[in-house]
Amino acid sequence: MSKLFKTSDEYVELIENQFAKTGLDTMGINMKVGSTPKAKTLLKVTRIPSVTEFVNESHDTPDILVTVYEQAFDRLTPDVQNMLVEMALSTVFYDTEKDKLNIESDPYKPLFNMRRKYGDVITDNLELASLAIQQIEDEEKERKEAEKAAKKTKK
């Protein structure tokens, strides 16, 4: 996993607003947002194990971590960002019968739910996110090739 760094306040606010809409914050579920310099997905929601809380000896340890590939997220419009954050957070649910926090592991269920709500625009938005990530990878590849070429011409 890549190193995490502080997410811009604008994106933290956007994600916290979407998190509040889920109602999980009223159930005592805590969330932390972090950014990563490189990723295969735009947003990833993971559950933080209780072991982390024990090791940190803190009761403020978040229950979930939302990791944002901020460089790719920057390339999307606010509407697309909001929709994709909503989709990522829709994977989190609290099972009151078992008193357990869960994250949906089936990648298709959130897509189907969002498609029922928004129609095919969600698939277009997912494609935009994928294209943004691909574009960054291509730019990085070109930069490395240019650096190699520059080194060869110096010799």
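One can find the structure itself at the top, above this paragraph.
Small disclaimer: the values here were computed from a predicted structure and weren't measured. (Residues numbered from 1 in each chain as written. Predicted model: local features only at pLDDT ≥ 70, side-chain atom pairs only at ≥ 80, totals over all residues. Heavy atoms only, no water.)

J.: How should I be thinking about the overall build of the protein chain in this particular structure?
T.: The helix and strand tally for the protein chain stands at six helices and five strands. Mapped in sequence order, the helices and strands of the protein chain form the string α-β-β-α-β-α-α-β-β-α-α. For the protein chain, the residues scored as buried account for 34% of the 155 residues in total. Here the analysis covers contacts within the protein chain between residues at least 6 apart in sequence; of these, 72% occur between residues at least 24 apart. Accessible surface, the protein chain: about 10,500 Å² in total, of which carbon and sulfur atoms supply 51%. (Helix = DSSP H or I, 4+ residues; strand = E, 2+ residues; numbered from the N terminus. Buried < 20%, exposed > 50% of the residue type's maximum accessible area, 1.4 Å probe, protein only. Contact = heavy atoms within 4.5 Å. Areas by Shrake-Rupley, 256 points an atom, 1.4 Å probe, with all protein chains shown as cover.)

J.: Any chance you could explain the pattern of salt bridges here in plain terms?
T.: It is possible for side chains of opposite charge to pair when their charged atoms get near one another. Counted according to the given criterion, the structure contains six salt bridges. For Glu 140, the salt bridge is made with Arg 143, and the minimal N-O distance between the two is 2.3 Å. With Glu 140 and Arg 143 both in helix 6 (residues 121-154) and three residues apart, this pair spans about one turn of that helix. Across the salt bridge formed by Glu 147 and Arg 143, the nearest N and O atoms sit 2.4 Å from each other. With a gap of four residues between them, Glu 147 and Arg 143 both fall in helix 6, about one helical turn apart. Among the charged side chains, a network of salt bridges with common partners joins Glu 140, Arg 143 and Glu 147. (Salt bridge = Lys/Arg side-chain N within 4 Å of Asp/Glu carboxyl O.)

J.: How do you make sense of the packing of aromatic side chains when you look at a structure like this?
T.: Any two aromatic rings considered together are summarised by their centre-to-centre distance and by the angle between their planes. For the structure shown, the criterion picks out two aromatic pairs. Pairing Tyr 11 with Phe 73 gives two aromatic rings, centres 4.8 Å apart and planes at 85 degrees, and the pair type is edge-to-face. Taken together, the residues span a long stretch of sequence, with Tyr 11 in helix 1 (residues 9-22) and Phe 73 in helix 3 (residues 70-73) at a distance of 62 residues. The buried category is assigned to Tyr 11, whose relative accessible area is 5%. Ring centres 6.3 Å apart and planes at 20 degrees place the aromatic pair Tyr 108 and Phe 112 in the stacked group. Linking Tyr 108 with Phe 112, this pair stays in helix 5 (residues 108-118), spanning four residues, or about one helical turn. By relative accessible area, which is 41% here, Phe 112 ends up partly exposed. (Phe/Tyr/Trp six-rings, centres within 6.5 Å; stacked < 30°, edge-to-face > 60°.)

J.: Help me out: how do you make sense of the nonpolar core in this one?
T.: One finds Ile 15, Met 31, Leu 42, Leu 43, Val 66, Phe 73 and Leu 84 to be the most contacted residues of the largest nonpolar core, which totals 35 residues. Counting only elements with at least two residues in this core, the list comes to helix 1, strand 1 (31-35), strand 2 (43-47), strand 3 (64-68), helix 3, helix 4 (78-89), helix 5 and helix 6. At seven residues, the largest contribution of residues to this core is made by helix 4. Ile 15 has contacts with Met 31, Val 33, Val 66, Val 68, Val 85 and Leu 89, leaving out every residue within four places of it along the chain. (Core = buried A, V, L, I, M, F, W, Y, C linked by side-chain atoms within 4.5 Å.)

J.: What's the story with helix 5 in this structure? I'm lost.
T.: What sets the pattern is the α-helix's 3.6 residues per turn: residues three or four places apart point alike. Buried within helix 5 we find Pro 110, Leu 111 and Met 114. In a view along the axis of helix 5, the buried residues occupy a sector of 100 degrees, so they form one face of it. The exposed set on the far side of helix 5, more than 90 degrees from its buried face, consists of Tyr 108 and Arg 116. Just downstream of helix 5 lies Gly 119, where phi reads positive at about 80 degrees. (Arc of directions from axis to C-beta.)

J.: Teacher, can you tell me more about the sheet that holds strand 3 here?
T.: Within a beta sheet, neighbouring strands are joined by backbone hydrogen bonds and run either parallel or antiparallel to one another. The strand order across the open sheet built from three strands is 1-3-2, with neighbouring strands paired in mixed fashion. Looking at strand neighbours, the two that pair on one side only are strand 1 and strand 2, the edges of this open sheet. For this sheet the average axis-to-axis angle between neighbouring strands, irrespective of direction, equals 20 degrees. The sheet contact formed by strand 1 and strand 3 spans five bridges and is parallel. Residue pairing in the sheet places Val 33 in a bridge with Val 66 of strand 3. On the sheet, helix 1 packs against strand 1 and strand 3 and is oriented at approximately 145 degrees with respect to strand 1. (Pairing = 2+ DSSP bridges. Axes fitted to C-alpha atoms, helices over the stretch in contact; angles between N-to-C directions.)

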